[in-house]
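Read off the chains here:
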Amino acid sequence: MRTVSDMFTEMKKIADEEGYQFNPIQEELDDILQGCWDNEHRYGYPSCPCRMASGTLAEDMDIICPCNYRDADHVEYGCCLCTLYVNDDWISGRKKHDPIPERRPGSL
């Protein structure tokens, strides 16, 4: 069975290849990764822990981590909605840590 650590190792390899970095606040990072791992075991796929998954893969393809909204959020706000992926401006505080509006159609 894949552990949270295994999942992080796989995610980190891809993030490094794509030029993304993870939230440096270890407690926050651990909580987000645990949420992805929990969702993977609940639904069979690692949906974003900050969004409500339907449990149906076809309906949730846009929120499988990294979600379809990560890149736009990262550019505009310095991080994705769940703050798993962050940039230097977010880490340094040059980008305020303001709430990010939900981009997913049909979400409140």
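Basis of the calculations
Residues numbered from 1 in each chain as written. Predicted model: local features only at pLDDT ≥ 70, side-chain atom pairs only at ≥ 80, totals over all residues. Heavy atoms only, no water. Core = buried A, V, L, I, M, F, W, Y, C linked by side-chain atoms within 4.5 Å. Buried < 20%, exposed > 50% of the residue type's maximum accessible area, 1.4 Å probe, protein only. Helix = DSSP H or I, 4+ residues; strand = E, 2+ residues; numbered from the N terminus. Contact = heavy atoms within 4.5 Å. Disulfide = S-S within 2.5 Å.

Student: Would you mind showing me how to read the nonpolar core here?
Tutor: As a rule of thumb, soluble globular proteins bury nonpolar side chains together. Within the largest apolar cluster, 20 residues are counted, with the highest numbers of intra-cluster contacts made by Met11, Phe22, Leu84 and Tyr85. Of all the secondary-structure elements, those providing two or more residues to this core are helix H1 (4–18) and helix H2 (26–43). Tallying contributions element by element places H2 first for this core, with 5 residues. Those residues in contact with Phe22, other than ones at most four positions away along the chain, are Phe8, Met11, Lys12, Ala15, Leu29, Leu84, Tyr85 and Val86. Of all hydrophobic cores here, the second largest spans 5 residues; its members include Leu81, Val86, Trp90 and Ile100.

Student: Which parts of the structure should I look at to understand the state of the cysteines?
Tutor: A covalent bond bridging the sulfur atoms of two cysteines is what the word disulfide describes. Inspection of the entire model under this criterion finds 0 disulfides. The thiol of Cys36 is unpaired, and the distance to the nearest cysteine sulfur, on Cys65, comes to 4.2 Å. Just so you know, Cys82 is unpaired, no disulfide at all, and the nearest cysteine sulfur is the one on Cys80, 3.8 Å from it.

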